[in-house]
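Structural description and commentary
Chain by chain, the residues:
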Amino acid sequence: FMLIAVVIYLVSINWLLTVIAVIPVPLTIVLTNRFGKKLHGITGSFQETIAAFSARLQETFLSIRTVKAFGQETSEKEKADRILSRLTGLYIKNSVTTSLSVNLVNFVSMIGPVVVLSWGTYLIAGGSMKLGALIAFYMLLTYLYSPVQTLASAHVEVQAAMASVDRIFEYLDLPAAVQEATQPVALSRAHGEIAFIKVSFGYPESGFRLDDFNVTLRRREKVALVGPSGAGKTTLVNLILRFYDPESGVITLDGVDLRRLSLRSLRDNLALVDQDPLLFKTTIFNNIAYARPDASLDEVKRAAQIANIHDFITGLPHTYFTEVGERGVTLSGGEKQRICLARAILKDPAVLILDEATSALDSTSERLIQQSLKRILADKTAIIIAHRLSTVQHADRIIVLDKGRIVDQGTHQQLLETAPLYRELAARQLRV
Ligand code: ADP
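This report concerns the structure included in the present document.

Re the overall build of the protein chain
Across its full length, the protein chain carries 15 helices and 10 strands. For the protein chain, the C-alpha radius of gyration of 35 Å lies well beyond 22 Å, the compact-globule estimate for 432 residues. Dimensions of the protein chain, computed from the C-alpha atoms along their principal axes, are close to 115 × 50 × 45 Å. When burial is assessed residue by residue, the protein chain has 43% of its 432 residues classed as buried. Taking as baseline every contact in the protein chain between residues at least 6 positions apart, the subset at least 24 positions apart corresponds to 75%. For the protein chain, the exposed surface amounts to about 24,000 Å²; the carbon and sulfur share of it is 59%. Side chains of the protein chain carry 46 positive and 41 negative charges; the gap between the two charge centres is 2 Å.

Focus on the sheet that holds strand S4 (residues 248-253)
Strand order across the open sheet formed by 4 strands is S2-S1-S4-S5, with antiparallel pairing between neighbours. Edge positions in the sheet fall to strand S2 (209-217) and strand S5 (256-257), since each of these pairs with one other strand and no more. In this structure, strand S1 (residues 194-202) lies alongside S2, joined through 6 bridges in antiparallel fashion. Within the sheet, the bridge partner assigned to Val199 lies in S2 and is Phe213. Against the sheet, helix H7 (residues 233-240) engages S1, S2 and S4, with an angle of about 110 degrees to S1.

Description of a nonpolar patch on the surface
A cluster of nonpolar side chains, contributed by Val11, Trp15, Leu16, Val19, Ile23, Phe107, Ile111, Val114, Val115, Trp119 and Tyr122, occupies part of the molecular surface with about 1,100 Å² of accessible area. Among the secondary structure elements, those contributing two or more residues to the nonpolar patch are helix H2 (15-22) and helix H5 (73-126). With 6 residues, the single largest contributor to the nonpolar patch is H5. With respect to the helices and strands, the residue Tyr122 is situated in helix H5.

Here's the deal with the site of the ligand
Around the ligand sit 13 residues, and of these Ser206, Gly230, Lys233, Thr234 and Thr235 come closest. Here a nitrogen atom of the ligand and a side-chain polar atom of Tyr244 are 3.3 Å apart. Class assignment of the residues belonging to the shell around the ligand gives a composition of 5 nonpolar, 6 polar and 2 charged.

Details of the environment of Arg167
Here Arg167 is to be found in helix H6 (residues 131-172). Apart from residues no more than four positions distant in its own chain, Arg167 is found in contact with Gly44, Gln47, Glu48 and Ala51.

Focus: the sheet that holds strand S8 (residues 381-385)
Read across the sheet, 6 strands follow the order S6-S7-S8-S3-S9-S10 without closing on themselves; strand pairing throughout is mixed. Edge strands, defined here as strands with exactly one partner in the open sheet, are strand S6 (270-273) and strand S10 (405-410). Strand-to-strand twist of the sheet, defined as the mean angle between neighbouring strand axes without regard to direction, takes the value 20 degrees. Sheet topology note: the strand S3 (residues 222-226)/strand S9 (residues 397-402) ladder contains 4 bridges and is parallel. For Val226, the partnering residue across the bridge sits in S9 and is Val400. Those strands touched by H7 are S3, S6, strand S7 (351-355), S8 and S9, and its axis lies near 145 degrees from that of S8. The sheet contacts of helix H12 (residues 333-347) involve S6 and S7, and relative to S6 the element is tilted by about 175 degrees.

With respect to the packing of helix H3 (residues 24-62) against H6
With their axes 8 Å apart at the nearest point, H3 and H6 run at an angle of 25 degrees to one another. If you check the angle between H3 and H6, you find them roughly parallel. The way H3 lies across H6 gives a crossing that is right-handed.

With respect to unusual backbone geometry
Although it is not a glycine, Asp254 adopts a positive phi angle of roughly 50 degrees. One can find Asp254 in the loop between S4 and S5. Notably, Thr319 is not glycine yet its phi reads approximately 40 degrees, a positive angle. Secondary-structure assignment places Thr319 in the loop between helix H11 (310-314) and H12. Judged by its relative accessible area of 30%, Thr319 is partly exposed.

Here we look at the nonpolar core
In terms of nonpolar packing, the biggest core is built from 47 residues, with Ile288, Val392 and Tyr422 touching the most fellow members. The element that contributes the greatest number of residues to this core is H12, accounting for 7 residues. Among all residues touching Val392, those that are not within four sequence positions of it are Ala224, Val226, Ile384, Ala386, Ile398 and Tyr422. Judged by nonpolar contacts, the second largest core, of 34 residues, contains Leu210, Leu239, Ile251 and Leu261.

Side note on a positive patch on the surface
Side chains of Arg34, Lys37, Lys38 and Lys93 sit close together on the surface and give a patch of like positive charge. For the positive patch, the element with the most residues is H3, which contributes 3 residues. Structurally, the position occupied by Lys37 is in helix H3. Residue classification places Lys37 among the exposed residues on the basis of a relative accessible area of 62%.

Some points on the side chain of Thr381
As for its position among the elements, Thr381 is in strand S8. If near-sequence neighbours (up to four positions away) are discounted, Thr381 is found in contact with His191, Gly192, Arg218, Arg219, Arg220, Glu221, Ala350, Val351 and Leu352.

What counts and how
- Residues numbered from 1 in each chain as written.
- Predicted model: local features only at pLDDT ≥ 70, side-chain atom pairs only at ≥ 80, totals over all residues.
- Heavy atoms only, no water.
- Helix = DSSP H or I, 4+ residues; strand = E, 2+ residues; numbered from the N terminus.
- Rg over C-alpha atoms; globule rule 2.2 N^0.38 Å.
- Buried < 20%, exposed > 50% of the residue type's maximum accessible area, 1.4 Å probe, protein only.
- Contact = heavy atoms within 4.5 Å.
- Areas by Shrake-Rupley, 256 points an atom, 1.4 Å probe, with all protein chains shown as cover.
- Lys, Arg positive; Asp, Glu negative; His and termini not counted.
- Charge placed at Lys NZ, Arg CZ, Asp CG, Glu CD.
- Pairing = 2+ DSSP bridges.
- Axes fitted to C-alpha atoms, helices over the stretch in contact; angles between N-to-C directions.
- Patch = residues over 30% accessible without salt bridge, like charges linked within 9 Å, V, L, I, M, F, W, Y side chains within 5 Å.
- Salt bridge = Lys/Arg side-chain N within 4 Å of Asp/Glu carboxyl O.
- Near = heavy atom within 4 Å.
- Polar contact = N/O pair within 3.5 Å; in protein donor to acceptor, adjacent residues only side chain to side chain.
- Nonpolar A, V, L, I, M, F, W, Y, C, P; charged D, E, K, R; others polar.
- Parallel < 35°, antiparallel > 145°, perpendicular 65-115°, else oblique.
- Left-handed = near helix turned anticlockwise from the far one by under 90°.
- Core = buried A, V, L, I, M, F, W, Y, C linked by side-chain atoms within 4.5 Å.

And the structure:
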């Protein structure tokens, strides 16, 4: 607005001088556009390199034991250095381009007043302009150029920011793997019966498939999934948790298609104890209460007692308020798993999914976990992904999977008699 008003005023003083004064404006626009595009590109590369660097750092720190054990510190450092020097280069390019654009715009804007003053002096000498008019004209020029400069630098900044926005939207625009139903059904307290009916599913990135898969897990049944690695045990759990939807067929909880259930009520009725339990870097209390942040200390303690970890926690320096992780205590695999069990107990779901630890726990941990499981699972449906047969012999039903198909099912004893794959696994693991 200021720009328009000033131009009108300037024209009323002297139109020819105004034309001269306005010439730098389109020049500024052209320059700004070019620099804006350039900065867009540079910022984009800069963001990508920062992402690559963060990924590199995370990977290296997560695998620090392997890096050290294989003596790869120098090569990891060199890889990080290479990304850092690329970053430095981009940073310098970014600074130079920004300064150039700002200063060039300022320079171009200065051409106007210089020409106006010279031409104006000439006009005054010839008597066709008054000194007062030239001074007024000259003063007003500031109001012409300052909005142009502001708009120009805003344009350059916006272009740089747009590069980041583009990257953010690359992720925000990704479709979610599963969608909430338009009118979701809420199941406040499920009985815990799960059924796969003619389910077909495959990961887009790999050749693995489940085809026409059928199975029903009854209420309060303890079902163990066994089979060689890659058989599809985790995939079944991923489908129950609705991390993916089947391509065809249905999976139901208490007879309701999971796709019709609200995600919230589905996941409220399920609890997962992962094979490699991850604890958050906070207190043990917060880690257990993660399932139900409003839980009281007494409730957390009760859950820990059932999970056979209460005594261990009370022996820690700050008991339930001891920090876990980098700044706090380091826990063994068995202790972590019992804390995760306590978290699941506090949630008190209808269905408990337990991905058993792959690495053998020490026998005390194993015994403690088995004891607590017995108590916890009494009133729940349980799905246990068993990596070792020693722990599943008492399951109500063992399902033997291979290549995405159920090859056999039954109790331990039945399977030993009838299922060759199970017998082979048992011979290897239990020396039966
Ligand atoms: P299990 O738990 O029995 O070891 P999984 O269910 O984890 O087996 O995996 C079954 C197959 O599916 C494997 O061959 C694996 O490579 C593949 N797979 C698992 N997860 C994914 C995924 N997110 N994307 C692509 N392929 C996967």
